Amino acid sequence: MMELATRAVRKLSHCTTRSTLYTVTAQNPNFLHNMDDNSRACDTTIDAAQVEYREAEAVAESESSSIHSEQFSTVPLPQNLLQVNFNTTESALDPSEYSLDHHRAVLNNFIDGEQPNTRNGLYFRDGKRKVDYVLAYNYRTHVSVKSALVSQGLAVISNGSSVNPEGKDQVQTQQSSQHEQGLVMEVAPQDVLEDDRRSRREAFQRKLVEAGLEIESDEENKNQGTGFIRIHAPWHTLSREAEFLKIKVPTKNVYEVKEESGIITALNKVWHKITKPFEPKVQHVENDTKTKHISYDFSREKIHLYNIKDKETFFNSATRSRIVYEILKVTGSTKGQYGSTGIAALIANGTYDSAYPLHEMLHEEWARYGAFYKYQPIDLIRKYFGENIGLYFAWLGVYTEFLIPASVVGIIVFLYGCATLDTNIPSLEMCEHNFTMCPLCDQFCDYWNLSTACSTAKASHLFDNPATVFFSVFMALWATMFLEHWKRRQMSLCYQWDLTGLEEEEEHPRPEYETKLFQKNRKKGKQKNRKRSKTEAKEENRDSGKNKWRETVLSTMGEESLFGLTFSAVFGVIVYRITMSAIMAMSSNPSTRANVRVTVTSTAVIINLVVILILDEIYGAVAKWLTEIEIPKTEKSFEERLIVKSFLLKFMNAYAPIFYVAFFKGRFMGRPGDYVYVFDNYRMEECAPGGCLIELCIQLSIIMLGKQLIQNNLFEIGIPKLKKLHRKLKDKGTKPEESNTNQTRPPQQWDLDYNLEPFTGLTPEYMEMKIRLDAKKFVTELRRPNAVRAKSIGIWYNILSGMGKFSVIINAFVISFTSDFIPRLVYQYLYSETGTMDGFIDHTLSHFNVSHFKPGSAPVFSEFHKQIMICRYRDYREPPWSSNPYEFSKQYWSVLAARLAFVILFQNLVMLLSEGLDWMIPDIPKDISEQIKKEKTLMVDVFLKEEHEKLQLIQNFLKKDQPAQPKPNLKTLAPRSRASSLCQFSPEKKPSHGTQHTDV
């Protein structure tokens, strides 16, 4: 019998089991056929060994793939410790590992007393096994239940064994006595739900152990509180899942990365020397940048090829947590009852509260404001957070770098406006000529002189000058250059991170989708016994189509209603402007009447900012709700739909008031004597004498700066801090009511991370971009996100590309219709007698006879000493003495035609230049393309050589094992061809006994 058990354990020591292939095997019966022959042979050996071992030990363990050693299978499971009824899975077993070593922590550690050093809470109690993931849950225990084992400070093993430093006999005696006496437990109605959750946790954790994970938990020493399950993935589980997930890892073979020679390379070297002080002072894993390891998908069969120096550090922390999360996602608990599997479903139904990996380090050279001038350690960010977040911060770094030339050019344009301010003829004419302008409101507003708007005209010239057109063209090309540079940078990172061959992974359905599908299947199951007619089947299909159509229509109507809410908010601010202008114009205070425009504009912009900030939060929540209504199948589909909805709603919310000022304000107000009124009493507002561009710049700057300062600092940092403070105060308030059986332990890393805010995705981060703020938030304010592999920024690239093309059109219309660039060109080249800008202001002002005012609209009291007969207003209309008074003049139609022509010309020219840049700049750098081809070729050569050496070894082994054949009689042999004879009697090749690896 002992020989059978020993043989079973030895068979298991040569193989590594898979985690029952989860639920994938059940859903896809052909899945196992896709695995390699070696893995199938290994599984067969394991199954045979399990049978032999069970026969040898005569232990009945149904539905368990775990094999326990002789020492740990003799003690029965305590019946009063439900939470530790687990089965352990140690796939690669070694009998020597099952000796009673009290310094080595066991899997389900309920240890009382002093804790050993666990390296800041990042390791199990033994200080050796790393905590790769944490599950948190809220519990309520029965007060009447007291565990004698726990009170004695025993360490309970996952298979029910216990370890006591005093000796094994004492433990067995205590357990046997407790088993004989038994415990009586009263279950109250309010505890039924908690018992159900506890049983689900036990079932789930048992399957995690069967999947090859090792778990550790604390004693539940309170009536209610938060419990933590620490999870560690041993090497055999990591290697199995890495092979299943096709994770690329470096091999022992390296090759030289050749650098291009030329002027650009020399300039890059000089630039790197100049920017060396801006490099972060972090220790890179690979210091040699001239060589690179060949990477290949991990395979246990070819494990000798990989550059494995230490199994504990071979997979970085992001990869380890990702592997554990993949197991958590597909491990089932009670699928038949709840309709979905995985940790997400268990969190949704309250079995667990949260699941997260632990924070390990803080980047002093990255996640603090004092390092704002330094480059980011992108490689370390990727190894810490995964490729998805690493690409986000890399994109954010490229975007920030590209803002430098854009800001420099913008400053130059602004300085050009300052330098030409004293020589700008239109602004000088506006300051020097005392044109009498028509009143700005009915009855209470007086005539005014154009020279009073001198300061506004000069300020407008700073942003509305000929250099502005150049800046618009530059920014359009800048957007194209940014996208092209990012594509090249993204490809370089994919090459460095071994993502070039990454394929789209098959995603698991979301728990919400599985739940809905389960409900539909259950409904169909009720009707399965009765025979359905064809009419009923058609009606059922029609109902399913109606449900999808109804969800789409409801989502679309929700978005349209939110657009209507945005327009209503903009209209409300417009009404505020109009009414406040009228009220302040009726004031008896001269200073109040003189500052009407400044006061109304500034207060309206602040109101717009507050409304935008409030609606942003509302739109984010509503966008998520509308996306959940649609019930997308996968997380990727859910994320993309949420991004599109959130972006459209927030874009409309932020830019609706800006679009109003740019394209609508002052264009539908009418003219003196025929104004357009709101609510029959209030005139539509008009632009300032210098145009609406200066007001557009003021509104844009206040809204954008306000959003960055308030939303990023208050919402992104302040609110998470307040939530964390609230959670701490809440915990302090509940502690006196809880009964502690032991002294409270010091907070561990999993306690600190649990108090942080959960990570909700990158959607808000792409909309509010600040490197150091996001870095600090990711490290200190948010729980560590799950590592996600990605080789691009996804749908955000399409959004950025569309925004770049849309911005060209917007800039064309702003230059044409908002600024005075086109009217100045038309006047200078068509109507100016001297070919200069002399007389431009007089040319843009029309005449109005004050006797043509409607009754009750003329000024009641005027401070002008002279009698006013003609007042001026800004428009291109015929004078009152013409045959068609107050009609649009020829100049109006000339300017309109020139504006439309400029829009078409500007748009097509910039688009052509952008497409030219896109065509000239390759998406993949030439050196990267060559290195990728070289790496593939070398990888093929390595495997061909290895297979050739294997074949030679097999042939030589078979030849040595064959018995000696008698020398053939050449006379009796049939005649052969020359080629056959040469092939048969050619000298044998000696096998190569050297290394099987190739140094390239």
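None of these values were measured; they are calculated from a predicted model.

Colleague: Which parts of the structure should I look at to understand the overall build of the chain?
Modeller: Within the chain, the regular secondary structure consists of 32 helices and 16 strands. Across the chain, contacts joining residues at least 24 apart in sequence account for 80% of those joining residues at least 6 apart. When the accessible area of the chain is evaluated, it comes to approximately 54,300 Å², of which 58% is carbon and sulfur surface.

Colleague: Hey, could you run me through the UniProt feature "transmembrane region" (unreviewed entry) in the chain in this one?
Modeller: UniProt annotation of "transmembrane region" (unreviewed entry) refers to residues 392–416, 467–483, 562–585, 605–626 and 647–668 when read in the numbering used here. The span residues 562–585 is 100% helical and 0% strand by assignment, and the distance between its end C-alpha atoms comes to 35 Å.

Colleague: Looking at this structure, how should I read the packing of aromatic side chains?
Modeller: Aromatic rings in a pair are described by how distant their centres are and how their planes are angled relative to each other. Considering all chains together, one arrives at 49 aromatic pairs under this definition. Where Tyr 392 meets Phe 393, the ring centres are 5.0 Å apart and the plane angle is 70 degrees; that geometry is what we call edge-to-face. Neither residue differs from the other here; Tyr 392 and Phe 393 are each classed as buried. A cation over a ring is seen here: Arg 683 above Tyr 675, with NZ or CZ 3.6 Å from the ring centre.

Colleague: Explain the state of the cysteines here, please?
Modeller: As used in these notes, a disulfide is a covalent bond between sulfur atoms, one from each of two cysteines. For the structure shown, the criterion picks out four disulfides. The partner cysteine of Cys 431 in its disulfide is Cys 454, sulfur to sulfur 1.8 Å. Judged by the torsion about the S-S bond (85 degrees), the Cys 431/Cys 454 disulfide is right-handed. You can see Cys 431 sitting in helix 15 (residues 425–432) and its partner Cys 454 sitting in helix 16 (residues 454–463), a full 23 residues away along the chain. Under the relative-accessibility criterion, Cys 431 is labelled partly exposed at 21%. Judged by its relative accessible area of 16%, Cys 454 is buried. Across a sulfur-sulfur distance of 2.0 Å, Cys 438 and Cys 871 are joined as a disulfide pair. The S-S bond linking Cys 438 to Cys 871 shows a torsion near 85 degrees; that makes this disulfide right-handed. Of this pair, Cys 438 sits in the loop between strand 9 (436–437) and strand 10 (448–449) while Cys 871 sits in strand 16 (residues 870–874), placing them 433 residues apart in sequence. Exposure remark for Cys 438: the relative accessible area of 5% places this residue in the buried category. Cys 871 sits in the buried class, given a relative accessible area of 0%. For the chain, the disulfide bridges join cysteines in the arrangement 1-5, 2-8, 3-4, 6-7, where the cysteines are counted in sequence order.

Colleague: Sorry if this is basic, but what is going on with the pattern of salt bridges here?
Modeller: Opposite charge on two side chains makes pairing possible when the charged atoms of those side chains draw close. Scanning the model with the defined rule gives 34 salt bridges in all. Three or more residues joined by partner-sharing salt bridges are found here, namely Arg 125, Glu 216, Asp 218 and Arg 230.

Colleague: Could you clarify how one ought to interpret the sheet that holds strand 5 (residues 224–232) in this entry?
Modeller: Within a sheet, each strand pairs with its neighbour through backbone hydrogen bonds, oriented either parallel or antiparallel. Here we have four strands laid out as an open sheet, ordered 4-5-1-8, and antiparallel in their pairing. Taken across any chain shown, the strands that pair with only one partner, and hence form the sheet edges, are strand 4 (214–217) and strand 8 (354–356). Geometrically, the sheet is characterised by an average inter-axis angle of 25 degrees between neighbouring strands, direction not taken into account. Pairing between strand 4 and strand 5: four bridges, direction antiparallel. Within the sheet, the bridge partner assigned to Glu 216 lies in strand 5 and is Arg 230.

Colleague: Looking at this structure, how should I read the side chain of Glu 630?
Modeller: Within the secondary structure, Glu 630 sits in helix 21 (residues 596–630). For Glu 630, a relative accessible area of 16% puts it in the buried group. There is a polar contact of 3.0 Å between the side chain of Glu 630 and the side chain of Arg 641. Only 2.9 Å separates the side chain of Glu 630 from the side chain of Lys 645, close enough to count as a polar contact. Apart from residues no more than four positions distant in its own chain, Glu 630 is found in contact with Glu 551, Ser 555, Arg 641 and Lys 645.

Colleague: I keep staring at helix 22 (residues 635–663) and nothing clicks. Help me out?
Modeller: Because an α-helix completes one turn every 3.6 residues, residues spaced three or four positions apart along the sequence face the same direction. An ideal rise of 1.5 Å per residue puts 42 Å on 29 residues; helix 22 measures up with 40 Å between its terminal C-alpha atoms. A bend of about 45 degrees at Tyr 655 is the largest found in helix 22, and the proline Pro 657 appears one to four places after it.

Colleague: I tried to follow the nonpolar core on my own but got confused; where do I start?
Modeller: Here is a general trend for soluble globular proteins: nonpolar side chains tend to be buried in one another's company. Counting 40 residues, the largest nonpolar core has Trp 366, Phe 385, Phe 393 and Trp 395 as the members making the most contacts within it. Looking at this core, the elements that each hand over two or more residues are helix 13 (378–385), helix 14 (387–419), helix 17 (466–496), helix 22, helix 26 (771–781) and helix 27 (795–818). No other element matches helix 14, which puts ten residues into this core. Residues within four places of Trp 366 in sequence aside, it is in contact with Ala 371, Gln 376, Pro 377, Ile 381, Phe 385, Phe 393, Arg 772, Ala 775 and Val 779. Ile 231, Ala 233, Leu 245 and Val 249 belong to the second-largest nonpolar core, a separate cluster that totals 30 residues.

Colleague: I would appreciate a short explanation of the packing of helix 17 against helix 30 (residues 890–920) in the present structure.
Modeller: The contact between helix 17 and helix 30 brings their axes to 10 Å, and the two run at 30 degrees. When the axis of helix 17 is compared with that of helix 30, the two are roughly parallel. Of the two possible hands of crossing, helix 17 and helix 30 adopt the one that is right-handed. Residues Val 469, Ser 472, Val 473, Ala 476, Leu 477, Thr 480, Met 481, Glu 484 and Lys 487 of helix 17 lie in contact with helix 30, whose contacting residues are Phe 902, Phe 906, Val 910, Leu 913, Ser 914, Leu 917 and Asp 918. Broken down by class, the residue content of the contact of helix 17 with helix 30 amounts to ten nonpolar, three polar and three charged.

Colleague: Explain a nonpolar patch on the surface to me, please; I cannot follow it from the model alone.
Modeller: Taken together, the side chains of Ile 411, Phe 414, Leu 415 and Phe 463 present a nonpolar region at the surface, about 360 Å² in accessible area. No other element matches the three residues that helix 14 contributes to the nonpolar patch. Under the relative-accessibility criterion, Phe 463 is labelled partly exposed at 34%.

Colleague: Is there a simple way to explain the packing of helix 7 (residues 235–245) against helix 10 (residues 317–330) in this structure?
Modeller: Helix-helix packing: each pair is described by the crossing angle between the helix axes and the interaxial distance. The N-to-C vectors of helix 7 and helix 10 enclose an angle of 80 degrees; their axes lie 10 Å apart at closest approach. Relative to helix 10, the element helix 7 lies roughly perpendicular. Taking contact as the criterion, the partners of Thr 237, Leu 238, Arg 240, Glu 241, Ala 242 and Leu 245 in helix 7 are, on helix 10, Arg 320, Arg 322, Ile 323, Glu 326 and Ile 327. Grouping the constituent residues of the contact of helix 7 with helix 10 by class yields five nonpolar, one polar and five charged.

Colleague: How do you make sense of the pairing of strand 15 (residues 845–849) when you look at a structure like this?
Modeller: The side chains of a regular strand alternate between the sheet's two faces. In terms of burial, strand 15 is a largely internal element, four of the five residues being buried. Both strand 15 and strand 16 contribute to a ladder of five bridges, which runs antiparallel. Paired with Phe 848 across the strands is Cys 871, a residue of strand 16.

So, how was this worked out
Residues numbered from 1 in each chain as written. Predicted model: local features only at pLDDT ≥ 70, side-chain atom pairs only at ≥ 80, totals over all residues. Heavy atoms only, no water. Helix = DSSP H or I, 4+ residues; strand = E, 2+ residues; numbered from the N terminus. Contact = heavy atoms within 4.5 Å. Areas by Shrake-Rupley, 256 points an atom, 1.4 Å probe, with all protein chains shown as cover. UniProt positions renumbered as here; feature names shortened; annotations may be inferred. Phe/Tyr/Trp six-rings, centres within 6.5 Å; stacked < 30°, edge-to-face > 60°. Buried < 20%, exposed > 50% of the residue type's maximum accessible area, 1.4 Å probe, protein only. Lys NZ or Arg CZ within 6 Å of the ring centre and 35° of its normal. Disulfide = S-S within 2.5 Å. Salt bridge = Lys/Arg side-chain N within 4 Å of Asp/Glu carboxyl O. Pairing = 2+ DSSP bridges. Axes fitted to C-alpha atoms, helices over the stretch in contact; angles between N-to-C directions. Polar contact = N/O pair within 3.5 Å; in protein donor to acceptor, adjacent residues only side chain to side chain. Expected span 1.5 Å × (residues − 1). Bend = angle between axes of the 7 residues up to and from the residue. Core = buried A, V, L, I, M, F, W, Y, C linked by side-chain atoms within 4.5 Å. Parallel < 35°, antiparallel > 145°, perpendicular 65-115°, else oblique. Left-handed = near helix turned anticlockwise from the far one by under 90°. Nonpolar A, V, L, I, M, F, W, Y, C, P; charged D, E, K, R; others polar. Patch = residues over 30% accessible without salt bridge, like charges linked within 9 Å, V, L, I, M, F, W, Y side chains within 5 Å.

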